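# Structural characterization, general
Next come the chains, spelled out residue by residue.
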Amino acid sequence: MNAPIAQARLLPRKDRFELPDGILYLDGNSLGVLPKGAAERAARTITSEWGQDLIKAWNTANWMHLPKTVGDRIAPLIGAAQGTVATGDTLSIKVYQAVAAALQMRPDRKVVLSDNGNFPTDLYMAKGLIDTIGKNHELKVVDPESVVDAIDESIAVVMLTQVDYRTGRMHDMKAITDKAHAAGAVMIWDLAHSAGAVPVDLTGCNTEFAVGCTYKYLNGGPGAPAFIYARPDIVETIQPALAGWLGHDAPFAMELGYRPAMSTERLRIGTPAIVQLSILDEALNAFEGVTMEDIRKASIVLSERFIAEVERRCPMLELASPRDPQARGSQVSFRFEKGYEAMQALIERGVIGDFRAPNIMRFGFTPLYLDEADVFAAAEILEDIMSTGAWKDPKYAVRSRVT
Ligand SMILES: *Cc1c(COP(=O)(O)O)cnc(C)c1O
């Protein structure tokens, strides 16, 4: 009898998460919340699989296949085919792998193009790789708005993060990938703030590589493994720069020479983090039966509501995100000179967002576990802090290591 109503309200699904009382969590873009069942799964992996089966668990509990199992569960969320996503390591490492592989595909070109909206580690990893190669490659970093114009036939690799971690501004993946390909460049997309946040169509946009992390919108927990996608038609030509034994075609043949697996598995490196992978596997259950389009629709409702409420209540905050919801990811940022202090005051009142230097107050919208009432309540508390000047208490100016 209630089926149509139940169907219309697919989201949120708060019952699938451990949400602490008295907290409005607008930081799932940085670290997703704990999914129900994840702690039990980790405990089972530790006490039963590891504790009882010991080394046999690599076979009996399918540990050796878990990276692929999990990759195949991430794939539909990013518009990728089965067997095209490898998991493991950290996103920084996956960036390195992707740039190294992409540069090898264009030996006659020297420039890696990125933008200054990219996350620093992506730029650091590319620069570190370039210095290691030592063949006068160049990392060219332009404004996000100038990327399209900067793509020409000198560019070997275009490496971009789709959603800007500070402002939420979103690049047009298809248009940029097409431009890169027309110029003969290889494309790499970083989906750190896209996976589980916005619909992505990796197959449709035809990018060669994509990478991302799983502790943000995918709720895999701190230190959860990263992922890397490689377009199926190029997989067998990729020469892994980090040629680890688990990317070998036959790891247990223990051959002295490296022979890469004839699949995306060649992008695996070493022993997978099984406890983290088991948590991530459990976390992905929260996406079952809901499409990324459903999540996107709900995310836009939440973020539009938040912007309207905050602008009405807090005139001193300046919207730093694109006003057009189609042009931003699943986060909203405001500029405020004393943003760090204001965010600390907000967190003390139970509204958790975060701060990014120099002046960005950042709020993430995660429709799996947030509803409009939460957004409204968060805006109300923000108004109170701003209008009373409560943030001016000197204790809020003390900087923590993680902001
Ligand atoms: C979060 C994030 C990272 C973090 O990399 P780790 O290696 O997981 O610490 C890298 N790049 C982007 C674009 C990010 O948003």
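The coordinates are above.
Our subject in this report is the structure included herewith. (Residues numbered from 1 in each chain as written. Predicted model: local features only at pLDDT ≥ 70, side-chain atom pairs only at ≥ 80, totals over all residues. Heavy atoms only, no water.)

## Regarding the packing of aromatic side chains
Following the criterion strictly, the structure yields nine aromatic pairs and no others. With a centroid separation of 5.0 Å and an interplanar angle of 70 degrees, the aromatic rings of Phe-119 and Tyr-165 are classed as edge-to-face. One end of the pair, Phe-119, is in the loop between β3 (111–115) and α6 (120–133); the other, Tyr-165, is in the loop between β5 (155–161) and α8 (173–182), and 46 residues separate them in sequence. What makes Phe-119 partly exposed here is its relative accessible area of 32%. With a centroid separation of 6.1 Å and an interplanar angle of 65 degrees, the aromatic rings of Phe-306 and Phe-334 are classed as edge-to-face. Taken as a pair, Phe-306 in helix α11 (residues 292–313) and Phe-334 in strand β10 (residues 331–335) lie far apart in primary sequence, 28 residues in all. A relative accessible area of 1% means that Phe-306 is categorised as buried. Residue classification places Phe-334 among the buried residues on the basis of a relative accessible area of 0%. An aromatic cluster is built from Phe-306, Phe-334, Phe-363 and Phe-365, whose rings are joined through pairwise contacts. (Phe/Tyr/Trp six-rings, centres within 6.5 Å; stacked < 30°, edge-to-face > 60°. Helix = DSSP H or I, 4+ residues; strand = E, 2+ residues; numbered from the N terminus. Buried < 20%, exposed > 50% of the residue type's maximum accessible area, 1.4 Å probe, protein only.)

## Some details on the pattern of salt bridges
Under the defined criterion, the tally for this structure stands at 29 salt bridges. For the salt bridge of Arg-231 with Asp-233, the shortest nitrogen-to-oxygen distance reads 2.6 Å. A salt bridge links Arg-305 to Glu-309, with the nearest nitrogen and oxygen atoms 3.6 Å apart. Here the residue Arg-305 and the residue Glu-309 both occupy positions in helix α11, the gap between them amounting to four residues, near one helical turn. In this structure Glu-309 comes out as buried when scored by relative accessible area, which is 9%. Connected through shared salt-bridge partners, Arg-305, Glu-309, Arg-312, Arg-313, Glu-372 and Glu-383 make up one network. (Salt bridge = Lys/Arg side-chain N within 4 Å of Asp/Glu carboxyl O.)

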